[in-house]
Amino acid sequence: MAEVEETLKRIQSHKGVIGTMVVNAEGIPIRTTLDNSTTVQYAGLLHQLTVKAKSTVRDIDPQNDLTFLRIRSKKHEIMVAPDKEYLLIVIQNPCE
Amino acid sequence: MAPKRQKQKSSKRGKTKITLPVSEEAEPVNMESMGHPEIYPLVLTNKTQEIFNCRIDEDVTDEQPYKLIKKEDIFADFENRAAVSDFYPVKKIIQEYPGDELLLVYDKDFKYGLNFYLIGTEEGKENYLNPPEVPEEQEEYKEHIPEDIYIYKPPICKPWVSLGSEKEIEEELVKESTKEITYMISRKRSEFGAPVKFSDQNASSVKDAYIECTAYPDKNFTLKQLERDVGMQVVPKIKDTSTQTRWTYPKNATTQYYPREFSEEEKEALGQSKTLTEFLNNVSISVEIALQQNEIMNTFINDWKSLAEEEGTFGDKTDTHLKEYQSFTDLHNLTEKMITCVSWHPIIYGLIAVSVAVRLSFEERVHFSGKLLLQPSLILFWSFSDPIHPQIVMWDITAHADRIENIKADGSRSKNVTLKPMFLLEPESNKEAMYIRHCAVSSIENGHRKVITDIHWLPDTFEINRLGSVFENRSGISCQLVTCSADCTICFWDIRPQKALTPQPPTEKKKEESIEVPFDVPSTFLHLNLSWKPLSKVRLSKGETTLDHCPTKLSLSEDSLLYKAQDKMLAQSKATKAGEMNPYQNLEGGLGNHLKPIDDFCTKFFVGTEEGEVIYTDWKMERDPETGRFMTKKPVSLYTVHDGGVHTVQRSPFYKDIILTVGGWNVAIWKEGIMTGPLLQSSCAPKRYTSGHWSLTRPGVFYIGREDGYIDIWDLLEKTHEPAQSQNICITMITYIKPWTFSAKQQFIAIADYYGTLHILEIPWTLSRPSTSEVSSISHYFEREVKHLEYVEQRKKIREEEKKEMELEMEKKKVKTYQKSKEQLEAELKMDYESYLELEKDILIHLGLIKVKETMSYMEMI
């Protein structure tokens, strides 16, 4: 448990990171540093997007798989690291 | 009547008229029509035939059809038989017959209609008797003549023989059949020569006054056009149809949902699971790589774009001057008056409040500072629409105005503080300005003893109590004031009725009641009138000496608390419930409510003094460890920067901790927290600075007014050692500057001068529009300045050390020189003397006063 917290804290303390959250395979947030409503929104939307991206990659090449998803927007960058059971979402503001 | 013409010819041709033996006058009918007018047909009876011996087939035969009858016989017959005689119809002819014998011819064939006819003329008789011979003769004659020479015989004039043509002419002649009727119409004799009156009459008004021949289309004359030029155009046939479908109208449908969430225990359980740990370990590496990549470099930056400045400037970029927009001068009220303070209405466009005071020189002001001024000072309201007449004039002994929202509180040059809430403000255009009286005056004994120099409302987020501790303000409106005055105190006032801690002496109450209040003043603040006490007093003392600081301006920190959204709503709703018109009615003194104290609130503030010092001090009272009483703290920092009284202490609208102070002949910028000195201190200007203000939109720009009517515009991005621009506004001292933004494109600056005129100028685009990243540039500049100050401090220290070292060295050197011996001195002197002799010799040689040996000179030359 301490490891989990420590890792999350480490990620959160990076320069420019706005928020971090861990979401389960169904899109239900487990750990988060943002407030509830934002977390729920991010979790739901990004979970669906990750599923779609994963299926896209596998459709093209069944032996391929999605490892990382980065969405760059005007204001910040959303990084999604998928796994079999969980999803790690980090939001960073790259330029100061 | 037209004469009728009948053709008698036609009628006569058909039949032969038989004249009835009516009278002797009827003319006998002759065979005129058959070309023989001398032949008169007769009917002879047998008896007549026997008498005259012309019995048919006895006397008168085919060979001799005629008989000559003597006229006397016919007459005898007449006598015998009178009318019965057959010759009776032709009696006249017989009587007129010239010869004796008449020829009577037997008409066997009834050629002329009757069996006998009588030839009435001799000629005819002759012709009858001799006619057959003539044509024969003529025929014979004709056969013979052509052989002979034709002899011309001119026509012989013969008497005209009527052949019956005159009858035809008579028939053709037009004769009047009826006799013409003549009428003679004349007026009465009496009316001759009488005046005649003619009148017009419409022909159609009288019946039958006219007869008209109306035109009618006669079918005989109409032409039917059988050929015509016609243009043709083909047009598509359009048909509108509609159908109806079974599509139902759209309805709004909503669904409500909520996200699935884990409960706390579940989260904990999951958090401790191994899978999560493994996952994070695997994933965190790549995530951290990505994060670091972003930190290192932003790959998506568009360098070109970030180079460019913002485009789309409004107006000319080269125009950097303030443009004159309007200027206000009141001609009635302003005589010998100057404007001391200007304030814009925050909501209504174009409404400015100006406070005017009597123009006094410094000595006069000092002289009068303890007394009430007799001339009333006024507050005028100007509107853009009317530059000559002020809208409302507030009659008061005030000379100082400050306004927040709809509330006004005025400080005065005398001792009192007056309050005038303006709920009923209506800026109409009145020619005569309205005069409004004040509502409440502070108590004379407990108020300030001298001139109040500055007054501020405390922001509506907090309030303070008697000790200076800060509490939360629940009512949502600002209800406390802070004033500073020349009697070296800073007072906090509360406009709410305080719970009386000590019972008021009844005499004072009576005095209050006896004071009459004018009618048009709202009674909200009656409780304060003349009994208003300050909540707490802070004395600025200089420590040991009895002289205290004389504050001129205040600047409080503007920390706004982070209210939680719900609490603020509560406060606002309470305020509205209390009544929109009078939010002050339901307020109670601070001690009544249990308010939440705010602990880490900054209670320090800047004060500018009359001597030109800038003091940073605390208003919170602390317990003095020696005496046990509450005392004001000592000032945290104090600097004498300005050469004259500080008249502007103002926080920058962009940075919470940057303060501008203007006084005397220079300007200084301070940062709260830096105790070593001002960040920027300008050099002495040629003219005294009399007013100043930050720009509202550009973080590095501020405006300073001078005493010769010029305004200096400083731009920290351009130059920091002198103003970027200087512009002349008026001829006298500028007393107050206040800029205001109405919209992104319109920004005004109000400049008040010593003669009482208020100038409104428009700020050009370049001065009102901040460039991109100007805020960060200016903050970088301030940071640099801070570092510079630190560096200076450090340098000071280093220099001190260096100085010490240098002094030590100097001392060492002095000691060294003292140890020199006498012999050395003498040797040195001798050497000096010898070198001097050499020099003398050279000079004399040079001058030519001593001859030089040639050999020597030759040697020297080599």
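Residues numbered from 1 in each chain as written. Chains lettered and ligands numbered in written order. Predicted model: local features only at pLDDT ≥ 70, side-chain atom pairs only at ≥ 80, totals over all residues. Heavy atoms only, no water.

Draft legend 1. Representation of the overall build of chain A in the model. Scanning chain A from terminus to terminus reveals 2 helices and 5 strands. Overall, chain A shows an N-to-C arrangement of helices and strands of α-β-β-α-β-β-β. Looking at chain A residue by residue over its 96 residues, the buried ones come to 45%. When contacts within chain A are restricted to residue pairs at least 6 apart in sequence, long-range pairs at least 24 apart make up 39% of them. As presented, chain A carries roughly 5400 Å² of accessible surface, and 53% of it is formed by carbon and sulfur atoms. (Helix = DSSP H or I, 4+ residues; strand = E, 2+ residues; numbered from the N terminus. Buried < 20%, exposed > 50% of the residue type's maximum accessible area, 1.4 Å probe, protein only. Contact = heavy atoms within 4.5 Å. Areas by Shrake-Rupley, 256 points an atom, 1.4 Å probe, with all protein chains shown as cover.)

Draft legend 2. View of the interface of chain B and chain A. At the interface, 30 residues of chain B touch 35 residues of chain A. Area buried by chain B at its contact with chain A is led by F279, L291 and N294 of chain B, which between them contribute 20% of it. Counting across the interface, chain B meets chain A through 2 salt bridges. The partner of E26 of chain A in a salt bridge is R260 of chain B, and the shortest N-O contact between them spans 3.6 Å. Across the chain B-chain A interface, the total number found is 10 residue pairs in polar contact (both at pLDDT 80 or more). Going through the elements one at a time, helix 8 (264–272) and helix 9 (274–296) of chain B are the ones with two or more residues in the side of chain B that touches chain A. The leading source of residues in the side of chain B that touches chain A is helix 9 of chain B, at 17 residues. Here the side of chain B that touches chain A is built from residues that sort into 11 nonpolar, 13 polar and 6 charged. (Buried area = accessible area lost by both parts, 1.4 Å probe. Salt bridge = Lys/Arg side-chain N within 4 Å of Asp/Glu carboxyl O. Polar contact = N/O pair within 3.5 Å; in protein donor to acceptor, adjacent residues only side chain to side chain. Nonpolar A, V, L, I, M, F, W, Y, C, P; charged D, E, K, R; others polar.)

Draft legend 3. Region of interest: the sheet that holds strand 3 (residues 101–106) of chain B. Residue and element names in this part refer to chain B. In space, the 4 strands of this open sheet follow the order 1-4-3-2, with antiparallel pairing throughout. Only two strands of the sheet have a single partner each, and these edge strands are strand 1 (39–42) and strand 2 (66–70). Neighbour-to-neighbour, the strand axes of the sheet open up by a mean angle of 30°, direction not taken into account. Inspection of the sheet shows strand 1 paired to strand 4 (residues 116–119) by 4 bridges, in the antiparallel sense. What sits directly across from Y40, in strand 4, is L118. Strands strand 2 and strand 3 of the sheet are contacted by helix 3 (residues 71–81), whose axis makes an angle of about 70° with strand 2. Docked against the sheet, helix 5 (residues 122–129) engages strand 2, strand 3 and strand 4, running at close to 50° with respect to strand 3. (Pairing = 2+ DSSP bridges. Axes fitted to C-alpha atoms, helices over the stretch in contact; angles between N-to-C directions.)

Draft legend 4. Inspection of the confidence of the model for chain A at higher detail. Across chain A, the average pLDDT comes to 90, with 97% of residues at 70 or higher. Within chain A, helix 1 (residues 2–12) of chain A has the poorest average pLDDT of any element, 88, and helix 2 (residues 36–60) of chain A the best, 93. (pLDDT = per-residue confidence, 0-100.)

Draft legend 5. Layout of a negative patch on the surface. On the surface, E800, E801, E802, E805 and E809 of chain B cluster together into a patch of negative charge. For E809 of chain B, the position within the fold is in helix 15 (residues 774–818). (Patch = residues over 30% accessible without salt bridge, like charges linked within 9 Å, V, L, I, M, F, W, Y side chains within 5 Å. Lys, Arg positive; Asp, Glu negative; His and termini not counted. Charge placed at Lys NZ, Arg CZ, Asp CG, Glu CD.)

Draft legend 6. Focus on the sheet that holds strand 1 (residues 17–24) of chain A. The strand order 2-1-5-4-3 (chain A) describes an open sheet built from 5 strands, whose pairing is antiparallel. Every interior strand has two partners, whereas the edge strands, strand 2 (29–32) and strand 3 (69–72) of chain A, have only one. Strand-to-strand twist across the sheet, computed as the mean angle between neighbouring axes with direction ignored, equals 15°. With 4 bridges joining them, strand 3 of chain A and strand 4 (residues 77–82) of chain A adopt antiparallel strand pairing. Following the sheet pairing, R72 of chain A is matched in strand 4 of chain A by E77 of chain A. Strands in contact with helix 2 of chain A are strand 1, strand 2, strand 3, strand 4 and strand 5 (86–92) of chain A; relative to strand 5 of chain A, the strand with the most contacts, it is inclined by about 115°. Lying on the sheet, helix 8 of chain B is in contact with strand 2 and strand 5 of chain A; it crosses strand 2 of chain A at an angle near 80°.

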